[in-house]
Number of protein chains: 2
Amino acid sequence: MGSKGFAPEPISGIVEKVEPLSNEPLVNEPSLDEPSLDEPLPGGLGRRLAELLGADRVITDPVRLRTYECDGLTNHRSTPGIVVLPDTAEQIAAIVRECAAAGVPYVARGSGTGLSGGALPRADGVLIVTSRMRRILEVDIPGQRAVVEPGVINLDVTRAVRQYGYYFAPDPSSQQICSVGGNVAENSGGAHCLKYGFTAHHVLSCEVVTPDGEIVELSADGPGYDLLGVFVGAEGTLGITTKITVRLTRLPETVQTLLAAFGSIEAGGAAVSAIIGAGVVPAAIEMMDALSIEAAEAVVRCEYPPGAGAVLIVELDGPEPEVAAQFAQVERLCRDAGAFEIRIAADDAERALIWKGRKSAFAAVGRISPAYIVQDGVIPRTVLPRVLASIDALSAESGVRVANVFHAGDGNLHPLVLFDDAEPGAEQRAEEVSGAILDLCIEHGGSITGEHGVGVDKSRYMPRMFTEADLDTMQMVRCGFDPAGLCNPGKVFPTPRLCGEVPGVRKGPHPYEGKADLF
Amino acid sequence: MGSKGFAPEPISGIVEKVEPLSNEPLVNEPSLDEPSLDEPLPGGLGRRLAELLGADRVITDPVRLRTYECDGLTNHRSTPGIVVLPDTAEQIAAIVRECAAAGVPYVARGSGTGLSGGALPRADGVLIVTSRMRRILEVDIPGQRAVVEPGVINLDVTRAVRQYGYYFAPDPSSQQICSVGGNVAENSGGAHCLKYGFTAHHVLSCEVVTPDGEIVELSADGPGYDLLGVFVGAEGTLGITTKITVRLTRLPETVQTLLAAFGSIEAGGAAVSAIIGAGVVPAAIEMMDALSIEAAEAVVRCEYPPGAGAVLIVELDGPEPEVAAQFAQVERLCRDAGAFEIRIAADDAERALIWKGRKSAFAAVGRISPAYIVQDGVIPRTVLPRVLASIDALSAESGVRVANVFHAGDGNLHPLVLFDDAEPGAEQRAEEVSGAILDLCIEHGGSITGEHGVGVDKSRYMPRMFTEADLDTMQMVRCGFDPAGLCNPGKVFPTPRLCGEVPGVRKGPHPYEGKADLF
């Protein structure tokens, strides 16, 4: 059987049926004077979709289509053939069936904040945008869950339940704009996922439109295969989420945050190892190196201790007595590792100031460099100093500057590779350094992505992490869900490969033929 | 991408390559004078397997084969065609390839303690017993993990690491004899899984032989589909585990246990709701009703408070200050809910006495009834009193006695349905009551199994929980892994169904034909 245990609580006590949080028109809401539905796609598909959804839910105007040409991975662009803006799961199922009948690929998109191109559209395909499906359908406090549509903004879930003492734990840094449907596709995490886990750990069930146009319920509770597990994080290649039941997490009784400044990354890394080794599980433990501190200072004036080679932000939350005891321990371990200054946030305002530098680091790097690549890799915590030294060496050799921001607790490294896009060849050199960093991660037993996903950006690295048999096994699952290969094709997997070519799948005459007695 | 974050620590510090814990001969170790390899199976398979493994690793003697005719679900029996006892993953891969070539089904078996018939063999098939593969290959304390073969006994993992302050958290009540490979297949849990999760939460990666005879690595860390998630708990239908990397959990700083006696199940249920509602996550919270207390008393003299309609065992573990504060809170909540006696374990011996009654309850029921069925269902915690009242009514109507033991924190109910197997029709009446209890679970939004799995026992109930489209989606995955349907067929799914009949799978001409450009 799949994951199990925990039965959902029945709906009682504080249960709200919630109206949409806002009714203001969406930025990209289509006007009624949309140009005629010429035939950008085969099989009269545009016209069929307009009949299904209404012409005002179908975008074909080339200028407006360009709005959707990329997600957060801006160096891959492709204008979609058609954009549709459905309101219901039934409409999405109908769209998928129409695409299947016409043999046209389709891609789902939430807010388009993904960083690996998972929502990159296709010129020969349909882009299904879920931004109109943004109702919080139910808040069930005794059952500690909420039911939301895929277009609901991550932070709006917390906004709807904070008054009852709960929140939605996954906290990608885009949480003010990213959608829960996108979080499901990418299994999104954030700084606090060290303690609280990724989106997969906070989704109880999903209503999903499968590539054959059926609406099914995938659940982590109950018997049978844990299809929810394989669906969450499949980057939209196995179907489209149309409704999500999320677990709500109780707001912690207390939160304590400190900032520790170290002379070097090595000293900061030693503090991280000591804290984790002592059995403390911080809510978050983040590290920034000198260059990313410089960038953050330039923009947000977070006033981190001058001269720091690295700063560490450690946040503990939980029951008051536990936090108090462990916080004292963390402080001591930081000092033992050589912290030359430790600041403890006295209140929420001071806590916000500590986080401000970290949260703005990515954007701030834009101040010290005309352009940059955000890399995302994973290494074992204990090799952090060694890997950072190698990154330094790569940087020195190539003359490409690299700033490092690091979810230190779970080994998730975010090198920011800086370049000047006006300088010929600079982008290519930056790409090379960025790729070499991933190789370092793999060499040290890590991974090519910690939280941004594979998408189109990293599919070429998959064979460095997986054997052909490993990848074939994933493809078998994909072919099970999507034998026609129309659901977000070209993502995750490195090789354009037909289902018929995957060993074990559809080889020769049907192997079940005449073997019903096997069951 | 799949689950992610946490990179494994590199192997350093206390890392042992461990020799097999014991070398005494296995009970079922074959002797060299095994009868000749007649042909119980087609294609000269017996002879081929003997060539591959050596004749002493192949059992064909009908008397010895009968040892394997069932697992813990003793009312389903079937003597296997052949039993093989491989030593390595490569041998298992070779066995699977031989079976595939001969079109013969196969079933993997660990210790055979499963309670849903997941390891029930087939007369026309090969039973692959992993009991010889019982080496702990590696203990990596800094990385908080161990690498084990599938035949390793659950408790032996803890025995190997306890000296370093760690343990293996999943604790099925069979943990002294069940195998880690079996835990993976069934996603096993136990009393402490409320706080610590099931096997799925403690497995970092598995080496697996897929039904096409490849050896692949499935990991929860890293990009691509979370195939480990769908594999763990698939009840042996997607392949055979040959090596497991498990997460080790730090032994808690402190443990506190209390026993609270209530006049009624309702009062005990109210205490459970109050404790969970207060945000306390006990390590375990178990409830027994009057009849199961009576059975336990008759056997182990655990001296539970006389006259109790229900007892609750609550265990807290974790950092000292947190446990102390929450334990006082739990005690108060129990009193508020009407506990008439509360006993607090002063030391490990007293703790063991409290647990003794609970742990022996299943077996003890044998003292008050000649035979019984162990049922396993899940209900939302909050409907516990209502469901137990309905079970009482069922019991009164039918004259069939039912004792209830309950993992109260996660709603996992274990009704023990008592009958006299000497009385004509009694077993059938017990089966009917047992089935009606599952219907109650489903009606109340629960599940047909909490931790024992579906196997052959409950496949007929699957359509009551899932729509046809839901089950088809699971079948698609199964057909992806196992298109020939030879890997543990007849388990989990209700209908003998050909892969070709599953919608979306292999319909008509190959849908990828000529569409390589879609990728």
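Above this text you will find the structure in question.
The notes below deal with the structure included here. (Residues numbered from 1 in each chain as written. Chains lettered and ligands numbered in written order. Predicted model: local features only at pLDDT ≥ 70, side-chain atom pairs only at ≥ 80, totals over all residues. Heavy atoms only, no water.)

1. Points about the nonpolar core
Step number 1: Membership of the largest hydrophobic core comes to 88 residues, with the highest contact counts inside it found for Tyr225, Leu227 and Val230 of chain A together with Tyr225, Leu227 and Val230 of chain B.
Step number 2: Here leucine 227 of chain B is in contact with Val230, Thr473, Met474 and Val477 of chain A together with Leu218 and Phe481 of chain B, once residues within four sequence places are set aside.
Step number 3: By size, the runner-up hydrophobic cluster in this structure holds 47 residues, among which are Ala310, Val323, Val387 and Val402 of chain B. (Core = buried A, V, L, I, M, F, W, Y, C linked by side-chain atoms within 4.5 Å. Buried < 20%, exposed > 50% of the residue type's maximum accessible area, 1.4 Å probe, protein only. Contact = heavy atoms within 4.5 Å.)

2. Considerations on the packing of aromatic side chains
For any pair of aromatic rings, the description rests on two quantities: the centre-to-centre distance and the angle between the ring planes.
Step number 1: Tallying each qualifying case throughout the model produces 4 aromatic pairs over all chains.
Step number 2: Considering the side-chain rings of tyrosine 167 of chain B and tyrosine 196 of chain B, the 6.4 Å spacing of their centres and the 80° angle between planes classify their relative orientation as edge-to-face. On the criterion of sequence distance, the pair formed by tyrosine 167 of chain B in strand 8 (residues 166-167) and tyrosine 196 of chain B in helix 6 (residues 193-196) is long-range, its members being 29 residues apart. The residues tyrosine 167 of chain B and tyrosine 196 of chain B share a single accessibility class, namely buried.
Step number 3: One residue, lysine 359 of chain A, lies across the ring of tryptophan 355 of chain A, its end atom 5.5 Å from the ring centre. (Phe/Tyr/Trp six-rings, centres within 6.5 Å; stacked < 30°, edge-to-face > 60°. Helix = DSSP H or I, 4+ residues; strand = E, 2+ residues; numbered from the N terminus. Lys NZ or Arg CZ within 6 Å of the ring centre and 35° of its normal.)

3. A word on the packing of helix 13 (residues 384-398) of chain A against helix 14 (residues 426-443) of chain A
Residue and element names in this part refer to chain A.
Step number 1: In contact at an axis separation of 11 Å, helix 13 and helix 14 are set at 155° when each is read in the N-to-C sense. With respect to helix 14, the element helix 13 is oriented roughly antiparallel. Both helix 13 and helix 14 take part in a crossing whose hand is right-handed. On helix 14, the residues that touch Val387, Ser390, Ile391, Leu394 and Ser398 of helix 13 are Arg429, Val433, Ala436, Ile437 and Leu440. (Axes fitted to C-alpha atoms, helices over the stretch in contact; angles between N-to-C directions. Parallel < 35°, antiparallel > 145°, perpendicular 65-115°, else oblique. Left-handed = near helix turned anticlockwise from the far one by under 90°.)

4. Some points on the sheet that holds strand 5 (residues 126-129) of chain A
All names here are of chain A.
Step number 1: Within the open sheet, the 4 strands sit side by side as 2-3-5-4. Their pairing is mixed. Edge strands, defined here as strands with exactly one partner in the open sheet, are strand 2 (58-59) and strand 4 (106-109).
Step number 2: Of the pairings in the sheet, the one linking strand 4 to strand 5 comprises 4 bridges and is parallel in character. Bridged to arginine 109 within strand 5 is valine 129.
Step number 3: In the packing of helix 1 (residues 45-53) onto the sheet, contacts are made with strand 2, strand 3 (82-84) and strand 5, and the angle to strand 3 comes to roughly 15°.
Step number 4: Lying on the sheet, helix 3 (residues 89-102) is in contact with strand 3, strand 4 and strand 5; it crosses strand 5 at an angle near 170°. (Pairing = 2+ DSSP bridges.)

5. So, the sheet that holds strand 2 (residues 58-59) of chain B
Residues and elements named next belong to chain B.
Step number 1: Taken in spatial order, the 4 strands of this open sheet run 2-3-5-4, and their pairing is mixed. Every interior strand has two partners, whereas the edge strands, strand 2 and strand 4 (106-109), have only one.
Step number 2: Strands strand 2, strand 3 (82-84) and strand 5 (126-129) of the sheet are contacted by helix 1 (residues 45-53), whose axis makes an angle of about 15° with strand 3.
Step number 3: The strands touched by helix 3 (residues 89-102) are strand 3, strand 4 and strand 5; relative to strand 5, the strand with the most contacts, the crossing angle is about 170°.

6. Quick look at helix 3 of chain B
Step number 1: An ideal rise of 1.5 Å per residue puts 20 Å on 14 residues; helix 3 of chain B measures up with 20 Å between its terminal C-alpha atoms.
Step number 2: Immediately beyond the C-terminal end of helix 3 of chain B, within one or two residues, lies glycine 103 of chain B, with a positive phi of roughly 70°. (Expected span 1.5 Å × (residues − 1).)

7. Some thoughts on helix 10 (residues 320-336) of chain B
Residue and element names in this part refer to chain B.
Step number 1: Helix length check: helix 10 (17 residues) gives 24 Å between terminal C-alpha atoms against 24 Å at 1.5 Å per residue, within 8%.
Step number 2: Taken together, the buried positions of helix 10 are Glu322, Val323, Gln326, Phe327, Val330, Leu333 and Cys334. Taken down its axis, helix 10 places every buried residue within 125° of arc, on the same side.
Step number 3: Residue glycine 338 follows helix 10 closely and has a positive phi angle near 105°. (Arc of directions from axis to C-beta.)

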